[in-house]
Amino acid sequence: MKRVLFVCSQNRLRSPTAEQHFAARPDIEVDSAGTNHDVENPLTDELVAWADLIFAMERQHRSKIQKRFRRALRARIIVLDIPDEYDFMDPGLIRLLDARMARYLPSLPVGA
C-alpha cells in the first residue's frame, strides 16, 4: 500500500480536501500537512520520511520540502499546480484533484 502525503501552505483547504477525498481508496494511505510555521498540522521529518509519494499543491511547496527536509526526503515530490483559490471540499477543487491525480492513482475497478 502506497503512502501519499498532500502538502499546501496552511493545511486548511487544498491538502485536507485531497486527504479527505482520497482517504476512502483502499490502495493508499493518505495524510496532509502544511509548510507554514503556524499551521495546525505542520510538515515534519517523520511525515516526509513516511511518504512514498508527496503531492505539493504549488512549486513553492516543493522547494520548501526539498530545502527543509532534505535528510528525511526519500519520496518523489509531484507538483499539482493547484492555486490557493478554493474552499475546503469545493467541487471544483475535487474535480481538479481527480484530473491531476489520474496519472498517479489509476482508477479502481468497480466494486473495489
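This text follows the structure it describes.
Residues numbered from 1 in each chain as written. Predicted model: local features only at pLDDT ≥ 70, side-chain atom pairs only at ≥ 80, totals over all residues. Heavy atoms only, no water.

Engineer: Just checking my understanding: could you explain the overall build of the chain for this structure?
Structural biologist: Of the regular secondary structure elements, the chain holds 4 helices and 4 strands. Mapped in sequence order, the helices and strands of the chain form the string β-α-β-α-β-α-β-α. For a compact globule of 112 residues, the expected C-alpha radius of gyration is about 13 Å, and the chain comes in at 13 Å, within 12% of that figure. Over its C-alpha atoms, taken along the principal directions, the chain stretches across nearly 40 × 30 × 20 Å. Buried residues in the chain amount to 43% of all 112 residues. Pairs at least 24 residues apart make up 64% of the contacts formed inside the chain by residues separated by at least 6 positions. Per element, the accessible surface of the chain, about 6,400 Å² overall, is 47% carbon and sulfur. Counting 17 positive and 16 negative side-chain charges, the chain places the averaged centre of each group 9 Å from the other. (Helix = DSSP H or I, 4+ residues; strand = E, 2+ residues; numbered from the N terminus. Rg over C-alpha atoms; globule rule 2.2 N^0.38 Å. Buried < 20%, exposed > 50% of the residue type's maximum accessible area, 1.4 Å probe, protein only. Contact = heavy atoms within 4.5 Å. Areas by Shrake-Rupley, 256 points an atom, 1.4 Å probe, with all protein chains shown as cover. Lys, Arg positive; Asp, Glu negative; His and termini not counted. Charge placed at Lys NZ, Arg CZ, Asp CG, Glu CD.)

Engineer: Could you clarify how one ought to interpret the sheet that holds strand β3 (residues 53-56) in this entry?
Structural biologist: Pairing between the strands of a sheet comes from backbone hydrogen bonds, and it takes one of two forms, parallel or antiparallel. A sheet is described by the order of its strands in space; here 4 strands give the open sequence β2-β1-β3-β4, paired in parallel fashion. Single-partner strands in this sheet number two, and they are β2 (28-34) and β4 (76-79). Recorded for the sheet is a direction-independent mean angle of 25° between the axes of neighbouring strands. The pairing of β3 with β4 spans 4 bridges and is classified as parallel. In the strand pairing of β4, Ala56 is matched with Val79. In this fold helix α1 (residues 14-22) packs onto β1 (2-8) and β2, with an angle of close to 165° to the strand it touches most, β2. (Pairing = 2+ DSSP bridges. Axes fitted to C-alpha atoms, helices over the stretch in contact; angles between N-to-C directions.)

Engineer: Teacher, can you tell me more about the pairing of β3 here?
Structural biologist: Along any regular strand, the residues point their side chains to alternate faces of the sheet. Alternating positions in β3 separate into two faces, Leu53 and Phe55 on one and Ile54 and Ala56 on the other, with burial throughout. As paired elements, β1 and β3 share 4 bridges and run parallel to each other. Counterpart to Leu5 in the pairing with β3 is Ile54.

Structural measurements only, silent on function.
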